[in-house]
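Chain residues, written in single-letter form:
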Amino acid sequence: MSATIIDGKAFAAKVREQVAGHVQRLKDENGLIPGLAVVLVGEDPASQVYVKSKGKQTTEVGMNSFEHKLPADTPEADLLALIDHLNKDATVHGILVQLPLPGHLNSDLVINSIDPAKDVDGFHISNVGLLGTGQKSMVPCTPLGCLMMLRDHLGSLSGLNAVVVGRSNIVGKPMAQLLLGDSCTVTIAHSRTKDLGAVCRQADILVAAVGRPEMIPGDWVKPGATVIDVGINRIDAPEKGEGKTRLVGDVHFESAAAVAGAITPVPGGVGPMTIACLLANTLTAACRANGLAEPQGLTA
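Residues numbered from 1 in each chain as written. Predicted model: local features only at pLDDT ≥ 70, side-chain atom pairs only at ≥ 80, totals over all residues. Heavy atoms only, no water.

Account for the nonpolar core, naming residues and giving values.
Residues Val19 and Leu179 are the most contacted members of the largest nonpolar core, which totals 53 residues. Every element with two or more residues in this core is listed here: helix 1 (8–30), strand 2 (35–41), helix 6 (141–154), strand 5 (161–165), helix 7 (172–181), strand 7 (205–208) and helix 10 (271–289). At ten residues, the largest contribution of residues to this core is made by helix 10. When neighbours within four sequence positions are excluded, leucine 179 is seen to be in contact with Leu150, Leu157, Ala162, Val164, Cys184, Val186 and Val207. In this structure, Val165, Ile216, Val221 and Ile263 belong to the second largest nonpolar core, which totals 20 residues. (Core = buried A, V, L, I, M, F, W, Y, C linked by side-chain atoms within 4.5 Å. Buried < 20%, exposed > 50% of the residue type's maximum accessible area, 1.4 Å probe, protein only. Helix = DSSP H or I, 4+ residues; strand = E, 2+ residues; numbered from the N terminus. Contact = heavy atoms within 4.5 Å.)

Spelled out as structure tokens, the structure:
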């Protein structure tokens, strides 16, 4: 293996430390405590784990954490009423509705009912439009984390060829917009792209966010490229014992690491950055809401 490993866990710890420092200053100088409200509908096990982790990390950096857990059969009107209440609550600076929602709820309607200024997930259609037109917005957490790691490792991204494999609204599209904003030449590719391997081999920066385990082999990676693997896929691991599984990314790590200049591992790469950037977004939202200077280096 020749690639430098980009340690997302360590980088996320640094981001959280920066956020905690800014939060303390806000308290000391302005009497302001940023607040994050997380809404969980139903009892999806993975969502429960995420929400618990978000709450723990929110309080660890000195912010207020407000958790709202609703039954799976909660009427849409009740959920919208709660969001309306949170929109009006001056102690809440960030609102996150944990996805996926139960099937009877309209996710688009729910997300777009959040005040865009408090939409720390960056999913509201207003924030999507602002990001797409290069204006100040709330930026989706996972792409923001990827951008931070790229800037930290490469410095200036200007003029580099970037390929984003994946076209989701949550990662692929906003990632492409952020890379454009840093003056990359950007290609959005996906599972139906003709000769996807040839497209990937042109990339100085290769971001894999397609949701297919180990889809991108090492011979698709340009020698010396920086590879950001957003995928988190659980596959069978019979070598560990019957019924055992392991986590892998969208990139075949061993073969890619042999040719890449740098690569994020799975786990321990992009994943830890998502919650760190959620905290950074909440801090940014609190500063904007109170007319205070935004923290440097914690947003796009």
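Let's hear about the side chain of glutamine 57: which residues, and what values?
For glutamine 57, the location among the structural elements is in helix 2 (residues 45–60). Here glutamine 57 falls in the buried class, since its relative accessible area comes to 15%. In this view, glutamine 57 contacts Arg16, Ile275 and Leu279; residues no more than four positions away in its chain are not counted.

I'd like a rundown of the pairing of strand 5, residues and numbers included.
A large share of strand 5 lies buried, amounting to four of its five residues. You can see the chain leave strand 5, run along helix 7 and come back into strand 6 (residues 185–189), and the turn it takes is right-handed. Pairing between strand 5 and strand 7: four bridges, direction parallel. Note that in strand 7 the partner of valine 165 across the bridge is alanine 208. (Right-handed = clockwise from strand over helix to strand, strands pointing away. Pairing = 2+ DSSP bridges.)

So what's going on with the environment of glycine 42? Which residues, and what values?
Considering the arrangement of structural elements, one finds glycine 42 in the loop between strand 2 and helix 2. We classify glycine 42 as buried; its relative accessible area is 8%. For the pair glycine 42 and glutamate 67, spaced 25 residues apart in sequence, the C-alpha separation works out to 13 Å.

Which residues make up unusual backbone geometry, and what values go with them?
Here leucine 99 and proline 100 are connected by a cis peptide whose omega angle stands at 0 degrees. Relative to the elements of secondary structure, proline 100 occurs in the loop between strand 4 (94–97) and helix 4 (107–111). Going from valine 266 to proline 267, the amide bond is cis rather than trans, its omega being 0 degrees. Mapped onto the fold, proline 267 is located in the loop between strand 11 (262–263) and helix 10. With phi around 65 degrees, serine 183 is a residue other than glycine that occupies positive phi space.

Any link to function would need more than the numbers given here.
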